[in-house]
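Descriptive analysis of the structure
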Amino acid sequence: MGNSNAIPVSIAPQRHDMHTHSLRSDGTLTPSELVRRAHAAGVEVLALTDHDVTDGIAEAQTAAAAHGMRLIAGVEISVTWRSQTLHIVGLNIDPGHPEMRQGLARLREFRQWRAEEIGRRLQKKRIEGAYEGAARLAKGTIISRTHFARFLVDQGYVRGPQQAFRQFLGQGKPGHVPGRWATLEEAVQWIVAAGGQAVVAHPARYKLSAGKLRLMLGEFRECGGAAIEVISGSHTPEANRHFAGVAAEHGFLASAGSDYHGPEKTWMDLGRLPALPEGCIPVWHDWNMNVKPPMNTD
């Protein structure tokens, strides 16, 4: 990855976590439980960024206020870019903004159809009740592939979620249904219209050549994109250093997020993120970080 090793990474803990999920999408904790766990882990500023839904933000904000934390209203939007699925995180959004609400509602409609279609395709492979089983595991408003993976594990078809994707749900497998998500321009437009900042999530996870990554980031900037996740729970230390250099090269702000989904399945636990590498400008650098005092519950 070039000369990225020249950029040191601090070992001080990161007190901001700008990428987490609750059971309103494919996490396993309620928004309140997520906030309590983050507070116990030393996180001071937490973003709830559920997939294509913002239903959990109000509950999370109430819980954060009770703990004297700052809760950032966020979302993780599914994007199709040149036949590749990307994820764009929106931070500091107004979840009630009409353009955002309408756009996310469209994605959730597709998610519902996709879930039903995955069930039909798995049924053809003599896996009965997959849709109903995934729906029972989904406590929020969307049914994701993660819920199908959990169903397949629970029913003994596979040993773990990764095998579920390799054998049934991944590209080219019997239960795979290609995504028809938002365009990159649409996702960024919804986020900006809602007063937020758009962030490319976990960039090291995409199978993009250096040239395609540069092209995607160029289009992202032209659309109004602001930042990339330099620190991600699914990144290696080398990737963290590399994308610090990418952020500097392209003039992006830097974000940090665990992509936490719950204690059963996590890239990295809450409160364990390393600090941003030296020279990075945090996406939160000009936010008003006044934290409300804890509520009196006596």
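Residues numbered from 1 in each chain as written. Predicted model: local features only at pLDDT ≥ 70, side-chain atom pairs only at ≥ 80, totals over all residues. Heavy atoms only, no water.

**Structural notes on the sheet that holds strand β1 (residues 16–17)**
Backbone hydrogen bonds hold the strands of a sheet together, and the pairing may be parallel or antiparallel. Heads up, the condition is: Two strands make a pair as long as DSSP finds a minimum of two bridges between them. Only DSSP runs of H or I covering at least 4 residues are called helices, and only runs of E covering at least 2 are called strands; the numbering of each starts at the N terminus. By definition, residues are in contact when any of their heavy atoms lie within 4.5 Å. Lines are fitted to the C-alpha atoms to define the axes, a helix being fitted only along its stretch in contact, and any angle between axes, read from their N-to-C directions, falls within 0 to 180 degrees.
Taken together, seven strands build an open sheet; the order of strands is β1-β2-β3-β4-β5-β6-β7 and the sheet is mixed. For this open sheet the edge positions go to β1 and β7 (253–257), each flanked by a neighbour on one side alone. This element, helix α9 (residues 237–250), spans β6 (227–232) and β7 of the sheet and lies at about 165° to β6.

**Details of the nonpolar core**
Counted only if it meets this: As used here, the term nonpolar core means buried Ala, Val, Leu, Ile, Met, Phe, Trp, Tyr and Cys residues forming a set that is joined through side-chain atoms within 4.5 Å. With a 1.4 Å probe rolled over the protein chains alone, any residue whose accessible area is under 20% of its type maximum counts as buried; one over 50% counts as exposed, and the rest are partly exposed.
Residues Ile77, Leu91, Met100, Met216, Phe220, Ile228 and Val230 are the most contacted members of the largest nonpolar core, which totals 69 residues. Here this core takes seven residues from strand β3 (residues 70–81), the largest share from any one element. Those residues in contact with Val230 that sit more than four places away from it in its chain are His235, Asn240, Phe243, Ala244, Ala247, Ala254, Ser255, Leu276, Pro277 and Cys280. In terms of nonpolar packing, the next biggest core, distinct from the first, is built from 17 residues, Ala134, Phe148, Ala149 and Phe168 among them.

**What about the packing of aromatic side chains?**
Put simply, the rule reads: Ring pairs shown here join Phe, Tyr and Trp side chains whose ring centres sit within 6.5 Å, with only the six-membered ring taken for Trp; geometry is labelled stacked below 30 degrees between planes, edge-to-face above 60, and tilted in between.
Inspection of every chain in the model, using the stated rule, returns three aromatic pairs. Ring geometry for Phe220 against Phe252: centres 5.6 Å apart, planes inclined by 50°, an arrangement best described as tilted. Here Phe220 is found in helix α8 (residues 210–223), whereas its partner Phe252 is found in the loop between α9 and β7, with 32 residues between them in sequence. In this structure, Phe220 and Phe252 share a single accessibility class: buried. Counting every residue linked through ring pairs, the aromatic cluster contains Phe110, Trp113 and Trp181.

**Digging into the packing of helix α5 (residues 145–154) against helix α6 (residues 161–169)**
The test is simple: Should an angle fall under 35 degrees it is taken as roughly parallel, and over 145 as roughly antiparallel, whereas 65 to 115 is taken as roughly perpendicular and any remaining angle as oblique.
At a minimum axis distance of 9 Å, the contact between α5 and α6 shows a crossing angle of 105°. When the axis of α5 is compared with that of α6, the two are roughly perpendicular. Residues Arg145, Thr146, Phe148, Ala149, Leu152 and Val153 of α5 lie in contact with α6, whose contacting residues are Pro161, Ala164, Phe165, Phe168 and Leu169.

**Brief notes about the pattern of salt bridges**
Formally: The term salt bridge refers to a pairing of a side-chain nitrogen on Lys or Arg with a carboxyl oxygen on Asp or Glu at a separation within 4 Å.
Under the criterion given, the structure shown has nine salt bridges. Across the salt bridge formed by Arg214 and Glu249, the nearest N and O atoms sit 2.8 Å from each other. Of this pair, Arg214 sits in helix α8 while Glu249 sits in helix α9, placing them 35 residues apart in sequence. What makes Arg214 partly exposed here is its relative accessible area of 47%. Sharing partners across several salt bridges, the network here consists of Glu117, Arg120 and Arg121.

**Observations regarding the layout of surface pockets**
Worth spelling out the cut-off: A cavity, in this analysis, means grid points on a 1 Å lattice covering only the protein atoms where a 1.4 Å probe fits yet has no way out; a pocket is instead an open set bounded by protein on both sides within 12 Å along at least five of seven lines, and a residue lines either one if it has an atom within 4 Å of a point. Grid points are joined across faces, edges and corners, and a volume is the space filled by probe spheres set on the points.
Computed from the structure, the largest pocket encloses a volume of approximately 1,600 Å³. Lining the largest pocket are 41 residues, with Thr85, His87, Arg145, Phe165 and Arg205 sitting closest to its centre. Those elements that place two or more of their residues in the lining of the largest pocket are β3, β4 (84–91), α3 (98–124), α5 and α6.

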